Amino acid sequence: MRISMIGCGHVGLVTGTCLAEAGHRVVCTDNDPERIATLKAGVVPIYEPHLDAMLAANCRSQNLSFTSNAAEAVRTADAIFICVGTPPLENGEADLSAIDDVARMVASEALASKLVVEKSTVPAQTGQQLKRVLEVYRREGGAKFRVASNPEFLREGTAVEDFLHPDRIVLGVEDEATERQLREIYRPILERRFRCPVHLGACPPAKSLELLITTMNSAELIKHASNSFLAMKISYANMIADLCEKVGADIKEVTRAMGLDPRIGPRFLDAGLGFGGFCLPKDIQAFIRLAERSGVDFSMLKEAERVNKRRIDLFVEKIRQALWVVKDKQIGVLGLAFKANTDDIRFAPSLDVLRRLIAEGAHVRAYDQEAMDKTSAVFPQVRYFREPYEVARNADALLILTEWPEFRSLDWERIHGMMGRPLIVDGRNLLEPKVMVEHGFEYYSFGRPEESLATQFVPAQVSGFSSAGASA
Ligand code: UGA
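Figured I'd write up the structure that's included with this text. (Residues numbered from 1 in each chain as written. Predicted model: local features only at pLDDT ≥ 70, side-chain atom pairs only at ≥ 80, totals over all residues. Heavy atoms only, no water.)

1. Points about the overall build of the chain
Part 1 of the argument: When helices and strands are tallied, the chain shows 17 helices and 14 strands.
Part 2 of the argument: At 24 Å, the chain has a C-alpha radius of gyration in line with the 23 Å of a compact globule built from 472 residues.
Part 3 of the argument: Taken along its principal axes, the extent of the C-alpha atoms in the chain is 80 × 50 × 45 Å.
Part 4 of the argument: Of all 472 residues assigned to the chain, the portion counted as buried reaches 54%.
Part 5 of the argument: Of all intrachain contacts in the chain linking residues separated by at least 6 positions in sequence, the fraction that spans at least 24 positions is 73%.
Part 6 of the argument: Surface accessibility of the chain: about 20,900 Å² in total, with carbon and sulfur atoms responsible for 52%. (Helix = DSSP H or I, 4+ residues; strand = E, 2+ residues; numbered from the N terminus. Rg over C-alpha atoms; globule rule 2.2 N^0.38 Å. Buried < 20%, exposed > 50% of the residue type's maximum accessible area, 1.4 Å probe, protein only. Contact = heavy atoms within 4.5 Å. Areas by Shrake-Rupley, 256 points an atom, 1.4 Å probe, with all protein chains shown as cover.)

See below:
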């Protein structure tokens, strides 16, 4: 099938490339000509594991191409996927102006009938508005449009795997022809007819993948309801962590046991700095506004959001308590991206932490595998290093702000020897308190109490270091 992607952001690029891999002829367009020029030159402007190789292979096979000519992309397509951004407005509502622009452009450029698929995350009832705009602006005697909602559940960092091996595909449709066409688009994914770059021909046995046919309003709601639930789950775990600190329990023990109940599940119970990124924070806000506009008292969402904002205060407070005075302290930062395996820093907790530290007069050195270029554009005053050990040099404290798994296996003895004061404040509960204390660090994290560290403390003979402090 001939498919056009309007919008070459993360979702558009991953969806377009994967659908090309599935055998469709995909044209991607974007209103940023520089982005299209970059993509035409074979450079992928985002970091997403496996995407660059798959994109190159599908460009070579001519299943995938890029154009700045949106009109051409519209005219040649059987189905048009809208993948533009829906950033938050001042009041938290989703800004739907890009969807409106695309709808008017599609309506005026299309010469024949098209299926228009809403892929961007939008509040319920947007599909109905989309239908109206397409109808109002369509050419005299011209094309007819069918509209569908097909929300995405891609996580940054594992988006290619999520697309090719989904748990569910949700199709919000209003007629049988649309359902048939969308089923056809997704058939290669359902039948696993693609070269999987993630598992290199050895994909794990198929999961019980469900294809759900719903109304458009339900499909739109499913997306916001899912992301908001995940956000609430994280905030819940964070409150349990705070309680653990007060009553002397260990959050890892508590959430592990909770997660063994299949009704709860083990994922998204990691306490720490809280959720960031361009999805959860904005989607929970948009969901709150939708509930308010609809006259539904969904205040538990507001509470989840409030809990999340407080994580930064609590983290900075931990740093202050340990350092006493922050001004003029050398602070090393490991991790800037909003989570591991991405270069994305949008709404990353690290940005708020850096802002506070800089405002208090700290000197910050930072390292991240992928996100330093983007962060340096926001914080030019921070010194960035291409090597994690350099941020520890003479530091009074080392902070962990992203859960990059690589940080677990750093040479902590070496880091201990390099620091001015061997103090770690771990915002992601990434390291083992017992091990860090054995290495001679003063170590703080979320929801793992002082008492257990004191009792776990093993003096210098284990690591060969003199212990700078055993309490946390
Ligand atoms: C999220 C959803 O997980 C996807 O299903 C959805 O498709 C996507 O948004 C979207 O709407 O496009 P993503 O933004 O990539 O995906 O990130 P998540 O993996 O959800 O992580 C969000 C934040 O929560 C990160 O800052 C992460 O560090 C934090 N987090 C996650 C925790 O603090 N604790 C956890 O247990 C899990």
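Right, picking up where we left off after that structure.
2. Topic: the nonpolar core
Part 1 of the argument: Grouped together as the largest cluster of nonpolar side chains are 56 residues, with contacts concentrated most on Phe315, Leu334, Leu357, Leu399, Trp412, Ile415 and Ile424.
Part 2 of the argument: Secondary-structure elements contributing two or more residues to this core are α12 (299-323), β9 (330-334), α13 (349-359), β10 (363-367), β12 (397-400), α15 (412-418), β13 (423-426) and β14 (442-444).
Part 3 of the argument: In terms of residue count, α12 provides more of this core than any other element does, six residues in total.
Part 4 of the argument: Ignoring any residue separated from it by four or fewer positions in sequence, one finds Trp412 in contact with Leu334, Leu398, Ile400, Phe407, Ile424, Leu431, Met436, His439 and Phe441. (Core = buried A, V, L, I, M, F, W, Y, C linked by side-chain atoms within 4.5 Å.)

3. A word on the packing of helix α9 (residues 216-247) against helix α10 (residues 251-259)
Part 1 of the argument: The contact between α9 and α10 brings their axes to 9 Å, and the two run at 135 degrees. Relative to α10, α9 is oriented oblique. Crossing hand, α9 versus α10: right-handed. Across the interface between the two elements, Tyr236, Ala237, Ile240, Ala241 and Cys244 from α9 touch Ile251, Val254 and Met258 from α10.
Part 2 of the argument: Residues of the contact of α9 with α10, tallied by class, amount to eight nonpolar, no polar and no charged. (Axes fitted to C-alpha atoms, helices over the stretch in contact; angles between N-to-C directions. Parallel < 35°, antiparallel > 145°, perpendicular 65-115°, else oblique. Left-handed = near helix turned anticlockwise from the far one by under 90°. Nonpolar A, V, L, I, M, F, W, Y, C, P; charged D, E, K, R; others polar.)

4. Things to note about the pattern of salt bridges
Part 1 of the argument: Within the structure shown, the criterion is met by 38 salt bridges.
Part 2 of the argument: The partner of Arg104 in a salt bridge is Asp100, with the nearest N and O atoms 3.3 Å apart. Residue Arg104 and its partner Asp100 are both found in helix α5 (residues 97-109); the two are separated by four residues, about one turn of the helix.
Part 3 of the argument: By relative accessible area, which is 30% here, Arg104 ends up partly exposed.
Part 4 of the argument: Asp100 gets classed as partly exposed once you look at its relative accessible area, which sits at 29%.
Part 5 of the argument: Close ionic contact of Arg289 with Glu292 constitutes a salt bridge, the shortest N to O distance being 3.3 Å. Here the residue Arg289 and the residue Glu292 both occupy positions in helix α11 (residues 280-293), the gap between them amounting to three residues, near one helical turn.
Part 6 of the argument: Each of Glu184, Arg187, Glu191 and Arg193 takes part in a single network of salt bridges with overlapping partners. (Salt bridge = Lys/Arg side-chain N within 4 Å of Asp/Glu carboxyl O.)

5. A short note on the packing of aromatic side chains
Part 1 of the argument: What the rule picks out here adds up to six aromatic pairs.
Part 2 of the argument: On the basis of an interplanar angle of 90 degrees and a centroid distance of 5.9 Å, the ring pair of Trp412 and Phe441 is categorised as edge-to-face. On the criterion of sequence distance, the pair formed by Trp412 in helix α15 and Phe441 in the loop between α16 (433-438) and β14 is long-range, its members being 29 residues apart.
Part 3 of the argument: Above the ring of Tyr389, the side-chain terminus of Arg414 is found at 3.9 Å from the ring centroid. (Phe/Tyr/Trp six-rings, centres within 6.5 Å; stacked < 30°, edge-to-face > 60°. Lys NZ or Arg CZ within 6 Å of the ring centre and 35° of its normal.)

6. Regarding the site of the ligand
Part 1 of the argument: Looking at the ligand, there are 22 residues lining it, with Glu152, Glu156, Lys223, Phe338 and Glu403 nearest.
Part 2 of the argument: Within the backbone of Glu156, an N or O atom sits 2.7 Å from an oxygen atom of the ligand.
Part 3 of the argument: In the environment of the ligand, an oxygen atom lies 2.8 Å from a nitrogen or oxygen atom belonging to the side chain of Asn227.
Part 4 of the argument: In the complex, 93% of the free accessible area of the ligand, which totals 720 Å², lies under the protein chains.
Part 5 of the argument: Counting only elements with at least two residues in the shell around the ligand, the list comes to α9 and α11.
Part 6 of the argument: A breakdown of the residues in the shell around the ligand according to their chemical character gives ten nonpolar, three polar and nine charged. (Near = heavy atom within 4 Å. Polar contact = N/O pair within 3.5 Å; in protein donor to acceptor, adjacent residues only side chain to side chain.)

7. Thoughts on the pairing of β13
A regular strand places its side chains on the two faces of the sheet in alternate fashion.
Part 1 of the argument: Here β13 shows no split at all, with Leu423 and Val425 on one side and Ile424 and Asp426 on the other all buried.
Part 2 of the argument: Two elements, β12 and β13, share three bridges in a ladder whose sense is parallel. The residue bridging Leu398 from the neighbouring strand is Ile424, located in β13.
Part 3 of the argument: Assessed by its sense of winding, the connection that carries the chain from β12 through α15 to β13 is right-handed.
Part 4 of the argument: Of the strand pairs in this sheet, β13 and β14 are connected by three bridges, and their pairing is parallel. By the bridge assignment, Leu423 is partnered in β14 with Glu442.
Part 5 of the argument: For the crossover from β13 across α16 to β14, the handedness is right-handed. (Pairing = 2+ DSSP bridges. Right-handed = clockwise from strand over helix to strand, strands pointing away.)

8. Some words on the side chain of Asn150
Part 1 of the argument: As for its position among the elements, Asn150 is in the loop between β6 (145-149) and α7 (159-164).
Part 2 of the argument: Asn150 sits in the buried class, given a relative accessible area of 1%.
Part 3 of the argument: Ignoring sequence-local partners within four residues, the contact set of Asn150 consists of Phe81, Val117, Glu118, Lys119, Ile169, Val170, Leu171 and Tyr186.

9. Examining the pairing of strand β5 (residues 114-118)
Part 1 of the argument: Of all five residues making up β5, five are buried, and the element is well covered by its neighbours.
Part 2 of the argument: Bridge count between strand β4 (residues 79-82) and β5: four bridges; the pairing is parallel. Across the sheet, Ile80 pairs through a bridge with Val116, a residue of β5.
Part 3 of the argument: This β-α-β element, β4 to α5 to β5, shows right-handed connectivity.
Part 4 of the argument: Pairing between β5 and β6: five bridges, direction parallel. Bridging across to β6, Glu118 finds its partner in Ser149.
Part 5 of the argument: Once you follow β5 into helix α6 (residues 126-137) and on to β6, the crossover reads as right-handed.

10. Side note on the state of the cysteines
Part 1 of the argument: Applying the stated criterion across every chain yields a total of zero disulfides.
Part 2 of the argument: Summary of cysteine pairing: Cys59 is not part of a disulfide, and the nearest cysteine sulfur, belonging to Cys28, is at 8.3 Å.
Part 3 of the argument: A disulfide-free cysteine, Cys83 has its sulfur positioned 8.1 Å from the sulfur of Cys28, the nearest such atom. (Disulfide = S-S within 2.5 Å.)

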